[in-house]
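Listed here are the chains, written in short residue letters.
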Amino acid sequence: MRLCQQKILTFLCVLNNKTINNTEGVLRIIRDRYTVFANVNSIINSINCIIFKLNKIRKFKYTKMATLPPRKNPTPTRLSKQQNLTPIQTLLQMGFQKHRAEKALAATGNRGVQIASDWLLAHVNDPTLDECVPREYILYVCPTGPFLQALEDFWTKSRLLCGWNGAHNYVPHITLVSFFKAPDECSLQLSKALKQVVDMAGSLLDRPIKLELYMSQNFMGFFVAEDDANYLKRIALQYVKESANSTISLEPHVKSLHLTLAYQFPQSQFNALKTLVETLDASCASNWELRLYSRDPRLATKQVHKVVYPHTPHEIDELELRIGDYIYLNSDAVDSSSDGWAEGVSWLTGSLGHLPVNYTERTAESDAWTLHRVVQLSKSVTPSLTSAEEIDIVDGRSLSTDQEERARDSHHTGNYPEVIEGSSYNEESEQSVEKYLRKTLRPCLDLPTLQFNNNPNQHTPSLEISTNNMCSPQKDIMVEPIIAEAAKPDDTLSTHSIHSNLFSESTARNKNRKVYIMRHGERVDFTFGTWIPYCFDEFNNYVRQDLNMPKELPKRKKCPKGWRNDSPLTNIGLYQAKLTGEAMFDANVHIDHVFCSPAYRCIQTCTSALEGLKLKSNYPIKLEPGLFEYMNWHPEGTPDWLSYDELSDAKFNIDPNYKPFMTVDKLNECINETSEEFYKRNYEVLRKIIDVTKGNIFVVAHATTLDTCTRQLIGENPRNSDELRQVIHKIPYCSLVTVEESNNTWKFVEPDCLPVTHAKNPRFEWNVLTAT
């Protein structure tokens, strides 16, 4: 059904006159074939309308020699009808239902018919498309110019230095009217009221707004001085009076007006944030503008993540990820996910589905809001927007009244096609998606530039996001992926840009010590779920049930119970580890000592990696229980790991003489350890390993190990449990990090080899082909 809809929707775009005959025939076939579907009635109506117009075009085309010449002055009534059609009327003529048309116009900031229709076509599978749930609006006054740049730099530095806090969730702002709900049909009224309020307020600000710095243990920000606060409050109060009616209830922000710099941050970060805040100079806060935003009501309780890697669904319940899209995620679902997958909602399509969280990264919630209107408050203006069109376009028309101002707007917007009005289609409508992203999102979003990507030699992967480009069939509307950092996948992994891995022998034997820390490979239990009951017979003999399962398992005393908390690797996991080892060998990585968690999956990973390094027989593995993962996840104590004799019988090269820094009994005393204690345990073990050895160290353990062993080593503080869960979702199987000592200081350096990336491959059931 979805494919049928897509095929139908493809023909509802601008039609090329050269294909009129074929187009009408195809439209008739589609109409006759799909009239049985009740939820495409509006599309059928649109097809009928197009066929009717095509008939008129053909009749004129083949009888033009016998028809009257066109009148120089069109009929006044016909001309007025075309010019006076509102966007909502045009959308209704196109066959869209009224409540859907109103929702589309509100969601796109009333920027015209074409953008609204694109939104409707993109949201054809949105389960809330027919729900009459009002959007939530908010009114901000936002800085621009040098002060905005300083705040954005502060945002970036504070996030990198101290992690995420509540202020990072929004653009820098002062709230004038808190969130209020309004029906979709009122969105245009709310936008126009903003300009009217500023005009009524009289003169604009001709000086900086006076801001007073305030800091406490849980809040940092600027409070607006009384005189300026009263000016802003009068604007807020007037806007409330202009906008309030029987269906809209809103109130001005009555608390002390302030611009938040940081809140909801750990007290341990206070001094670092304080140092950053003290570098801000509020005396340059001379440029301000009013901004009216709205958001999808589903966003109220969600985190917003931006897509950094595309994902094509392999299962029916998976969500397609497209570069430039934003995903609404439940924070609890992200934190509690055991496999790195969570359910989310696409901002671009409204569709719901599961996705690999590591293909996204958290961003400000306001990035997914719709910007409806911007009105300048300051005389000395440094606009945050790229053109006057983006400030003054509402409902597809300019609100500027001054002739010179309109002329200036026309000059600025010469690079953009005119917003489509009425029922006529613009010849450049294939750029409508670009207009939707640019006009609706920018400046509050920093999305990649949309291009018509026709370069056959282009190596950067691109993604088609629209089917509305019928005018130029040979051109696809493409979105270039955001240039991102190295891949951050989880169990499914992701793409990674190719770079050279050629290193000379001299650089490999660097005089600085290095520690290589690696996560284990793909594990059986996370891949197949509850596998033990299906893989062991009544005599507890292992029976392989999938080619990705190991051919055989070593003998152990408690079998099969012992495998429940001590899972083996899949064959893919073994191959991942060997590939990584081979890449380290190719990069001339030199290893002097090998340490490993006692978990069987880690021992297998370490052995396969050493095999790739061609060092399998050279370095016996030292098993260190202190490197084991978070004991809070193992309330029953440590798993029943394989003994030295059992591992030796399975041909693993284990060091029998190594005395661990933390015994198993001592580790079992850590069952109730906090996340800070867990960080301390892993770090202290690594610190002791470093102190008693010389040369480079290779450590194989768990996802957490890459952070818990290195965080304090490089001088950072331990993370709390919530932050830890966020981090491990971004550490896929066989991830490898390198820390290097230089002048008695340890720091992260770029790994010597590439990561390993592959797609998810669901299980095939052959008997699906026998179904009738």
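Further up the page is the structure itself.
Attention here is on the structure that accompanies the text.

The rules we used
Residues numbered from 1 in each chain as written. Predicted model: local features only at pLDDT ≥ 70, side-chain atom pairs only at ≥ 80, totals over all residues. Heavy atoms only, no water. Helix = DSSP H or I, 4+ residues; strand = E, 2+ residues; numbered from the N terminus. Buried < 20%, exposed > 50% of the residue type's maximum accessible area, 1.4 Å probe, protein only. Contact = heavy atoms within 4.5 Å. Areas by Shrake-Rupley, 256 points an atom, 1.4 Å probe, with all protein chains shown as cover. Core = buried A, V, L, I, M, F, W, Y, C linked by side-chain atoms within 4.5 Å. Phe/Tyr/Trp six-rings, centres within 6.5 Å; stacked < 30°, edge-to-face > 60°. Salt bridge = Lys/Arg side-chain N within 4 Å of Asp/Glu carboxyl O. Patch = residues over 30% accessible without salt bridge, like charges linked within 9 Å, V, L, I, M, F, W, Y side chains within 5 Å. Pairing = 2+ DSSP bridges. Polar contact = N/O pair within 3.5 Å; in protein donor to acceptor, adjacent residues only side chain to side chain. Axes fitted to C-alpha atoms, helices over the stretch in contact; angles between N-to-C directions. Arc of directions from axis to C-beta.

## Observations concerning the overall build of the protein chain
Point 1. A tally of helices and strands in the protein chain yields 25 helices and 23 strands.
Point 2. A buried classification covers 51% of the 772 residues belonging to the protein chain.
Point 3. Long-range pairs, those at least 24 residues apart, make up 76% of the contacts in the protein chain between residues at least 6 apart in sequence.
Point 4. Summed over its atoms, the accessible surface of the protein chain is roughly 37,900 Å², and 51% of this surface lies on carbon and sulfur atoms.

## Side note on the nonpolar core
Point 1. One finds Tyr239, Leu261 and Trp288 to be the most contacted residues of the largest nonpolar core, which totals 53 residues.
Point 2. No other element matches the seven residues that helix α10 (residues 226-243) contributes to this core.

## Observations regarding the packing of aromatic side chains
Each aromatic ring pair is characterised by the separation of its centres together with the angle its planes make.
Point 1. Summed over all chains, the structure comprises 24 aromatic pairs.
Point 2. Measuring from centroid to centroid gives 5.9 Å for Phe154 and Trp155, while their planes differ by 80°, and the two rings are edge-to-face. The burial state of Phe154 is the same as that of Trp155; both residues are buried.
Point 3. With a centroid separation of 5.7 Å and 75° between ring planes, the pair formed by Phe595 and Tyr658 is classed as edge-to-face. In this pair, Phe595 is assigned in strand β19 (residues 593-596) and Tyr658 in the loop between α21 (644-649) and α22 (664-668), connecting sequence segments 63 residues apart.

## Here we look at the pattern of salt bridges
Point 1. Here the structure, examined in full by the defined rule, presents 23 salt bridges.
Point 2. Among the salt bridges present, the one from Arg295 reaches Glu136, with a minimum N-O distance of 2.7 Å. With Arg295 in strand β6 (residues 288-295) and Glu136 in strand β1 (residues 135-143), this residue pair connects regions lying 159 residues apart in the sequence. The pair Arg295 / Glu136 is uniform in exposure class, with both members buried.
Point 3. Several salt bridges converge on common partners, so that one network encompasses Asp126, Asp296 and Arg298.

## Brief notes about a nonpolar patch on the surface
Point 1. On the surface, Phe764, Trp766, Val768 and Leu769 cluster together into a nonpolar patch covering about 530 Å² of accessible area.
Point 2. If you trace the backbone, Phe764 turns up in the segment after β23 (745-749).

## A word on the pairing of strand β7 (residues 303-307)
Point 1. The buried count for β7 comes to four of five residues, which makes it a mostly enclosed element.
Point 2. Relative to strand β8 (residues 326-329), β7 runs antiparallel, the two being bridged by four bridges. The residue bridging Lys306 from the neighbouring strand is Tyr326, located in β8.
Point 3. In this sheet, strand β11 (residues 360-363) lies alongside β7 in antiparallel orientation, the contact comprising four bridges. Across the sheet, Lys306 pairs through a bridge with Glu361, a residue of β11.

## Considering the side chain of Asn682
Point 1. Residue position: Asn682 is located in helix α23 (residues 675-692).
Point 2. Reaching out from Asn682, the side chain makes a polar contact with the backbone oxygen of Gly626 at a distance of 2.8 Å.
Point 3. Discounting residues that sit within four places of it in the chain, Asn682 has contacts with Gly626, Leu627, Phe628, Thr705, Thr708 and Cys709.

## Regarding the sheet that holds β23
Point 1. Taken together, the six strands give an open sheet; going across it, the order is β20-β19-β21-β18-β22-β23, and neighbouring strands pair in mixed fashion. The open sheet has two edge strands with one neighbour each: β20 (622-623) and β23.
Point 2. Note that strand β18 (residues 514-519) and strand β22 (residues 736-742) share five bridges and pair antiparallel. Along β22, the bridge assignment pairs Met518 with Leu736.
Point 3. Along the sheet face, helix α19 (residues 571-586) touches β18, β21 (697-701) and β22 and points at about 160° away from the line of β18.

## A look at the side chain of Ser294
Point 1. Considering the arrangement of structural elements, one finds Ser294 in strand β6.
Point 2. Ser294 sits in the buried class, given a relative accessible area of 1%.
Point 3. Among the polar contacts listed, one links the side chain of Ser294 to the side chain of Arg135, at a separation of 2.9 Å.
Point 4. The residues touching Ser294, leaving out its near neighbours within four places in the chain, are Ala106, Arg135, Glu136, Tyr137, Trp369, Thr370 and His372.

## Let's talk about helix α25 (residues 721-728)
Point 1. Within α25 the residues assigned to the buried category are Leu724, Val727 and Ile728. Buried residues of α25 fall within an arc of 90° about the axis and therefore sit on the same side.
Point 2. For α25, the secondary structure elements touched by its buried residues are α23 and α24 (705-708).
Point 3. Taking the backbone nitrogen of Asp722 as reference, a side-chain oxygen 3.1 Å away marks Asn720 as the first, capping residue of α25.

## Focus: the sheet that holds β11
Point 1. Overall, antiparallel pairing links the five strands, which are arranged β10-β9-β8-β7-β11 in an open sheet. Among the strands making up the open sheet, the edge pair consists of β10 (352-356) and β11. Averaged over all adjacent pairs, the angle separating strand axes in this sheet is 45°, with direction ignored.

## Describing the pairing of β1
Point 1. The buried fraction of β1 amounts to nine of the nine residues, a majority that puts the element mostly inside the structure.
Point 2. Covered by surrounding structure in β1 are Arg135, Tyr137, Leu139, Val141 and Pro143 together with Glu136, Ile138, Tyr140 and Cys142, the residues of both alternating faces.
Point 3. With six bridges connecting them, β1 and strand β2 (residues 174-182) associate as antiparallel partners. In the strand pairing of β2, Tyr137 is matched with Phe180.
Point 4. In this structure, β1 lies alongside β6, joined through eight bridges in antiparallel fashion. Each bridged residue has a counterpart across the sheet, and for Ile138 the counterpart in β6 is Tyr293.

Keep in mind these values describe shape, not function.
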